[in-house]
Amino acid sequence: MNRNELNRSHLQVLVSAVLYGYIIVGGRVLSNLGLSLIEIALLPLALSSLVLLLFRPSSYRSLFTRSGFYGFALFGLIGAALQLTQYGGIVLGVPVAVVAVLLYMQPVWTVLLSRLIHGERITRRKLAALGLALAGMLILLNPYSPVADYSFLGMASSFLAGWV
């Protein structure tokens, strides 16, 4: 890998990190400005698509064939649904901290889905990690607090976004 390719790779990682951080904080800012859920969800997708197309245009030729299009369309539909769930909690009034906790539950779902889909063994170490993650989530969310009266739909949306 030459120096130019390395610099491009670093820039792509940096842009990815900024866009990922944008999910929660940026979503709240844009929601407060009055943007709709669709508008908020499309902005990082458009920006990341632009970056990808600018840096790797030759690698996307296969997407524009008939066989590549169907897979790309399915991938896009699934990605769009997941993107909307990430911002759904924010738009529906769930606090940013709660959305962040639910988004960062993704490793729990990875362990469980790898068991269901790939038949991977869940070891004692994985069980302990799952237990700690779930206990931490319950402590941070404090669902029995009288103040914790958040939108059910917003919480469900954030919960599903953790599957991403």
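Please read all numbers here as calculations on a predicted model, not as lab measurements. (Residues numbered from 1 in each chain as written. Predicted model: local features only at pLDDT ≥ 70, side-chain atom pairs only at ≥ 80, totals over all residues. Heavy atoms only, no water.)

Visitor: If you had to explain the overall build of the protein chain to someone new, which residues and values would you point to?
Guide: Each helix and strand counted, the protein chain has 8 helices and 0 strands in total. Across the protein chain, helices and strands are ordered from the amino to the carboxyl terminus as α-α-α-α-α-α-α-α. For the protein chain, buried positions account for 26% of its 164 residues. Sequence separation of 24 or more characterises 75% of the internal contacts of the protein chain that already satisfy a separation of 6 or more. Surface summary for the protein chain: the accessible area is close to 11,200 Å², and the carbon and sulfur share equals 70%. (Helix = DSSP H or I, 4+ residues; strand = E, 2+ residues; numbered from the N terminus. Buried < 20%, exposed > 50% of the residue type's maximum accessible area, 1.4 Å probe, protein only. Contact = heavy atoms within 4.5 Å. Areas by Shrake-Rupley, 256 points an atom, 1.4 Å probe, with all protein chains shown as cover.)

Visitor: Account for the pattern of salt bridges, with residues named and values stated.
Guide: Side chains that carry opposite charge are capable of pairing whenever their charged atoms lie near each other. Under the definition given, this model contains 1 salt bridge. For Lys-126, the salt bridge identified is with Glu-120, shortest N-O distance 3.0 Å. Relative accessible area serves as the criterion here: at 26%, Lys-126 is assigned to the partly exposed category. By relative accessible area, Glu-120 is classed as partly exposed at 37%. (Salt bridge = Lys/Arg side-chain N within 4 Å of Asp/Glu carboxyl O.)

Visitor: Could you give me a rundown of the side chain of Ser-157, with the residues and numbers involved?
Guide: Its place among the elements puts Ser-157 in helix α8 (residues 152-161). Not counting the four nearest positions on each side in its chain, Ser-157 is found in contact with Leu-84, Thr-85, Gly-88 and Gly-89.

Visitor: Just give me the short version of helix α7 (residues 124-141), but keep the residues and values in it.
Guide: When the terminal C-alpha atoms of α7 are compared, their 25 Å separation across 18 residues agrees well with the 26 Å that a helix rising 1.5 Å per residue should span. Those residues of α7 that fall on the buried side of the exposure criterion are Leu-130, Met-137 and Leu-141. For α7, the buried positions fall inside an angular range of 30 degrees around the axis, keeping them on one side. For α7, the exposed residues set more than 90 degrees away from the buried face come down to Arg-124, Arg-125, Leu-132 and Ile-139. As for α7, its buried residues are in contact with α5 (96-103) and α6 (106-118). At the exit of α7 stands Asn-142, carrying a positive phi of roughly 45 degrees. (Expected span 1.5 Å × (residues − 1). Arc of directions from axis to C-beta.)

Visitor: I'd like a rundown of α5, residues and numbers included.
Guide: Most of α5 sits out of view: 6 of its 8 residues are buried. Along α5, the residues classified as buried are Val-98, Val-99, Ala-100, Val-101, Leu-102 and Leu-103. Considering only its buried residues, α5 is in contact with α4 (66-91), α6, α7 and α8.

Visitor: Break down the packing of aromatic side chains for me, citing the residues and quoting the values.
Guide: Throughout the structure, instances matching the rule amount to 1 aromatic pair. Aromatic pair Trp-109 and Phe-159: ring centres 5.0 Å apart, planes at 75 degrees, arrangement edge-to-face. One end of the pair, Trp-109, is in helix α6; the other, Phe-159, is in helix α8, and 50 residues separate them in sequence. Note on Trp-109: relative accessible area 12%, which makes it buried. (Phe/Tyr/Trp six-rings, centres within 6.5 Å; stacked < 30°, edge-to-face > 60°.)

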